[in-house]
Amino acid sequence: MATSSNYWEDLRKQARQLENELDLKLVSFSKLCTSYSSSSHEQPTRDSRSDSFGPSQDNMLVAMTTELEQLLAKLSVVNDKMAEYTNSPGASSHNAALMHTLQRHRDILQDYTHEFHKTKNNFFSLREREDLLGSVHRDIESYKSNSGVNNRRTELFLKEHEHLRNSDSLIDNAISIAMATKENITFQRGMLKSIQTRVTTLANRFPAINGLIQKINLRKRRDSLILGGVIGVCTILLLLYTFR
């Protein structure tokens with residue numbers, strides 16, 4: 001039994017170590033993608049952004065993506081081993097506690113996997129769009145160079161193109177802020193739900209806590225409504241400002 005317990009603790013230690021490493025790597029990965037997004041809004045084409053986000057950064061991004069995928073795969077393997085252990089005959093006496101711990105590690109793996117794929121997909125979508133816009137801009141510059149005449153129609157077209165690009169950037173920023181806020185709220189909701197479950201368990205043991213729980217639930221609903229209203233108003237104002 002001691003050997004089985006040690007095996008379980010070793011698996012938990014491996015899981016926590018991989019989770020901590022994934023957390024740090026995801027933060028660095030998000031910063032790297034954000035630096036590309038910032039440079040793309042400051043420069044008109046991908047060629048002119050070579051100094052701020054060149055081949056070395058591309059190689060770093062590929063390496064970090066591969067490393068994160070490997071870490072997620074390792075954590076998934078550890079979770080599978082923990083699941084196998086919970087089904088073993090020696091773990092039957094503590095099965096409820098083991099299943100609770102396993103589920104918590106699975107939730108963490110799911111959150112990290114979702115965050116990784118979301119950040120990666122957003123980055124590649126942004127880069128594809130920037131490449132397309134850069135191609136359009138280069139075509140315009142080539143036309144201007146070949147014609148040698150900066151007529152009014154070309155100038156108006158360039159101004160309209162720049163206006164659309166700026167509007168697109170403002171909308172992207174608004175959507176990014178809204179998505180980040182949504183993710184943060186979802187994460188906080190999960191934490192509050194876990195805390196609420198524990199508090200409910202205590203409340204069942206101590207009836208005097210029921211009143212306090214009801215007040216907390218009412219305040220939580222009120223704060224959610226206020227926060228949702230603020231986000232909605234900010235989004236509407238930003239859209240009105242963009243298309244003014």
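Residues numbered from 1 in each chain as written. Predicted model: local features only at pLDDT ≥ 70, side-chain atom pairs only at ≥ 80, totals over all residues. Heavy atoms only, no water.

Here is the rule: UniProt positions are given in the numbering used here, feature names are shortened, and annotations may be inferred rather than shown by experiment.
The name an unreviewed UniProt entry gives the protein is Golgi SNAP receptor complex member 1, with Menidia menidia as the organism. Its UniProt record gives the protein a comment under Subunit (unreviewed entry), which states: "Component of several multiprotein Golgi SNARE complexes." You can read under Subcellular location (unreviewed entry) in the UniProt record for the protein the words "Golgi apparatus membrane".

### Observations concerning the overall build of the protein
Test applied: Numbering goes from the N terminus for both helices and strands, where a helix is a DSSP run of H or I of at least four residues and a strand is a run of E of at least two. Burial here depends on accessible area, computed with a 1.4 Å probe over protein chains only, as a share of the maximum for the residue type. Under 20% is buried, over 50% is exposed, and the range in between is partly exposed. Residues are treated as being in contact if the distance between any of their heavy atoms lies within 4.5 Å. Using a 1.4 Å probe, accessible areas were evaluated by the Shrake-Rupley method; residue-level cover was limited to the displayed protein chains.
Counting its regular elements, the protein contains 5 helices and 0 strands. Listing each helix as α and each strand as β along the protein from the N terminus yields α-α-α-α-α. Within the protein, buried positions represent 25% of all 244 residues. Long-range pairs, those at least 24 residues apart, make up 76% of the contacts in the protein between residues at least 6 apart in sequence. Total accessible area on the protein is roughly 16600 Å²; 57% of this is exposed by carbon and sulfur atoms.

### Regarding the packing of aromatic side chains
In plain terms, the rule: A pair of aromatic rings is counted whenever rings of Phe, Tyr or Trp (Trp by its six-membered ring) have centres within 6.5 Å, and the orientation is called stacked for planes under 30 degrees apart, edge-to-face for over 60 and tilted otherwise.
As enumerated under the stated definition, the model contains 4 aromatic pairs in all. Their ring planes at 70 degrees and their centres at 5.3 Å tell us that F123 and F124 sit as a pair that is edge-to-face. On the accessibility criterion, F123 (2% relative accessible area) is buried. Ring pairs connect the aromatic residues Y7, W8 and Y85, which therefore count as one cluster.

### Points about the confidence of the model for the protein
Note the threshold: Values of pLDDT, the confidence the predictor places in each residue, fall between 0 and 100.
Here the protein averages 77 in pLDDT, while 74% of its residues score no lower than 70. Put simply, helix α4 (residues 152-205) is where the protein has its lowest mean pLDDT, 75, and helix α2 (residues 55-86) is where it has its highest, 88.

### Notes on a negative patch on the surface
Quick reminder of the rule: Think of a patch as exposed residues, more than 30% relative accessible area, with no salt bridge, where like charges cluster within 9 Å and nonpolar side chains (Val, Leu, Ile, Met, Phe, Trp, Tyr) cluster within 5 Å. Salt bridges are defined by distance alone: a side-chain nitrogen of Lys or Arg within 4 Å of a carboxyl oxygen of Asp or Glu. A residue counts as positive if it is Lys or Arg and as negative if it is Asp or Glu; His and the chain ends are not included. Where a charge lies is defined by one atom per residue type, namely NZ (Lys), CZ (Arg), CG (Asp) and CD (Glu).
There is a patch of like negative charges on the surface, built from D23, D107, D111 and E115. Looking at the negative patch, the element that brings in the most residues is helix α3 (residues 95-147), giving 3 residues. For D111, a relative accessible area of 43% gives the class partly exposed.

### Structural notes on the nonpolar core
The cut-off we apply is this: In plain words, nonpolar cores are sets of buried Ala, Val, Leu, Ile, Met, Phe, Trp, Tyr and Cys residues tied together by side-chain atoms within 4.5 Å.
Ranked by size, the top nonpolar core spans 25 residues in total, and within it L22, F29, L68 and M82 carry the most contacts. Residue assignment for this core shows that the elements contributing at least two residues are α1 (2-42), α2 and α3. Looking at this core, the element that brings in the most residues is α2, giving 10 residues. The residues contacting L22, other than those within four sequence positions of it, are L68, L71, L72, L75 and Y112.

### What to know about the UniProt feature "transmembrane region" (unreviewed entry) in the protein
Following the UniProt record, one finds the feature "transmembrane region" (unreviewed entry) at residues 225-243. Within residues 225-243, the helical portion is 95% and the strand portion 0%, while the C-alpha atoms at the span's ends are 27 Å from each other.

### Points about the layout of surface pockets
Selection criterion: Cavities and pockets were defined on a 1 Å grid built over protein atoms only: a cavity is a set of grid points that admits a 1.4 Å probe from which the probe cannot escape, a pocket is an open set flanked by protein on both sides within 12 Å along at least five of seven lines, and lining residues are those with an atom within 4 Å of any such point. Grid points are joined across faces, edges and corners, and a volume is the space filled by probe spheres set on the points. Following the grouping adopted for this structure description, the nonpolar residues are Ala, Val, Leu, Ile, Met, Phe, Trp, Tyr, Cys and Pro, the charged ones are Asp, Glu, Lys and Arg, and the polar ones are all others, Gly among them.
The space that makes up the largest pocket amounts to roughly 1900 Å³. In terms of lining residues, the largest pocket is bounded by 44 residues, among which H114, E115, K118, E183 and F187 are the most central. Secondary-structure elements contributing two or more residues to the lining of the largest pocket are α1, α3 and α4. Residue contributions to the lining of the largest pocket peak at 19 residues, all from α4. Residues that form the lining of the largest pocket fall into these classes: 13 nonpolar, 19 polar and 12 charged. In this structure, the second largest pocket spans a volume of roughly 290 Å³.

### Some thoughts on the side chain of T65
We apply this condition: Here a polar contact is taken to be a pair of N or O atoms separated by no more than 3.5 Å, where protein atoms must pair a possible hydrogen donor with a possible acceptor and residues adjacent in sequence count only if both atoms sit in side chains.
Along the chain, the position of T65 falls in helix α2. One polar contact links the side chain of T65 to the main-chain carbonyl oxygen of L61, over a distance of 2.8 Å. Among residues more than four places away in sequence, those in contact with T65 are F29, F116 and K120.

### Section: the pattern of salt bridges
Summed over the entire model, instances satisfying the criterion amount to 3 salt bridges. For K120, the salt bridge is made with E69, and the minimal N-O distance between the two is 3.5 Å. Residue K120 is found in helix α3, and its partner E69 is found in helix α2; the two are separated by 51 residues along the sequence. Judged by its relative accessible area of 16%, K120 is buried. Among the salt bridges present, the one from R222 reaches D223, with a minimum N-O distance of 3.7 Å. Among the residues examined, D223 registers a relative accessible area of 38% and is labelled partly exposed.

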